[in-house]
Amino acid sequence: MSALPLNSQNLPYPDPLHPIIVHFVIAMVFFSFFCDVVGYFTRNVRLFEVSFWNMFVAAIAIFLAIIFGQFEAGLAQAQKAAQSTLNYHTVLGWSLGAIVAAIAAWRFVIRNRSTRKVPPAYLGAATFLVCLVFLQVYLGSKLFWVYGLHVEPVVQALKQGVSP
């Protein structure tokens, strides 16, 4: 069995897929939270339905993001300085997968019991989730913008043995 041919970004396909899927998940989680908060204060039941479906799709898509993230992280030639951030990003990513799935399940139960309101405890948990997502965004941004994971000039420098 031969190894996959890698491009100048150290990937077997044209561009990293993890960030594309992740941005979709981030948007779905944030929009779900926004709809729940606005729906809570305006008592607009339709916003609760929008929120549920956003969280439901996010709960599925986050696992695709994790799978591609693990695959692409395995192909990355991360600098030693980036390793702790990458490890933290990985652990938080898997944790977020479980948390988003749990919150989506909780949201499903709330939806089936009553579509007229969302309990404040759920909004608190969703607020905590949004804070964790912000932290994860920070870590992912740091991996890209500071350490240059899968950024062509950084990949090329590392292949030549030059520390960027």
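Residues numbered from 1 in each chain as written. Predicted model: local features only at pLDDT ≥ 70, side-chain atom pairs only at ≥ 80, totals over all residues. Heavy atoms only, no water.

Visitor: How would you sum up the side chain of T85? Please name residues and give values.
Guide: Turning to its location among the elements, T85 is positioned in helix α3 (residues 80–113). In this structure T85 touches L139, K142, L143 and Y147, once residues within four positions along its chain are discounted. (Helix = DSSP H or I, 4+ residues; strand = E, 2+ residues; numbered from the N terminus. Contact = heavy atoms within 4.5 Å.)

Visitor: Talk me through helix α2 (residues 45–75); I want residue IDs and the actual numbers.
Guide: Helix length check: α2 (31 residues) gives 45 Å between terminal C-alpha atoms against 45 Å at 1.5 Å per residue, within 8%. The largest bend in α2 is about 25°, located at A59. A side-chain oxygen of the first residue of α2 lies 3.1 Å from the backbone nitrogen of R46; this N-cap is N44. (Expected span 1.5 Å × (residues − 1). Bend = angle between axes of the 7 residues up to and from the residue. Polar contact = N/O pair within 3.5 Å; in protein donor to acceptor, adjacent residues only side chain to side chain.)

Visitor: Any details on the pattern of salt bridges? Residues and values, ideally.
Guide: Under the defined criterion, the tally for this structure stands at two salt bridges. For R107, the salt bridge is made with D36, and the minimal N-O distance between the two is 3.2 Å. Placement of the pair is R107 in helix α3 and D36 in helix α1 (residues 18–42), with a sequence separation of 71 residues. As far as the burial class goes, R107 and D36 line up, both buried. Measuring nitrogen to oxygen at the nearest pair gives 2.7 Å for the salt bridge that ties E49 to R111. Remark: R111 occurs in helix α3 and E49 occurs in helix α2; sequence separation between them is 62 residues. Overall, E49 belongs to the partly exposed group, its relative accessible area being 28%. (Salt bridge = Lys/Arg side-chain N within 4 Å of Asp/Glu carboxyl O. Buried < 20%, exposed > 50% of the residue type's maximum accessible area, 1.4 Å probe, protein only.)

Visitor: Run through the packing of aromatic side chains, naming residues and quoting values.
Guide: As enumerated under the stated definition, the model contains 11 aromatic pairs in all. With centroids separated by 4.9 Å and ring planes inclined at 75°, the aromatic side chains of F52 and W53 adopt a geometry described as edge-to-face. Geometrically, the ring pair formed by F144 and W145 is edge-to-face, given 4.9 Å between the ring centres and 85° between the ring planes. Classification of F144 by relative accessible area gives partly exposed; the value is 39%. Take W145: its relative accessible area is 70%, and that puts it in the exposed class. Three or more aromatic residues joined by ring pairs form one cluster here, namely F52, W53, F56 and F108. (Phe/Tyr/Trp six-rings, centres within 6.5 Å; stacked < 30°, edge-to-face > 60°.)

Visitor: Please set out the UniProt feature "transmembrane region" (unreviewed entry) in the protein chain residue by residue, giving values where relevant.
Guide: As annotated in UniProt, the feature "transmembrane region" (unreviewed entry) corresponds to residues 20–41, 53–71, 91–109 and 121–139 in the numbering used here. Between the C-alpha atoms that bound residues 20–41 there is a distance of 32 Å. The span itself is 100% helix and 0% strand. Across residues 53–71, the secondary structure splits into 100% helix and 0% strand, with the terminal C-alpha atoms separated by 28 Å. (UniProt positions renumbered as here; feature names shortened; annotations may be inferred.)

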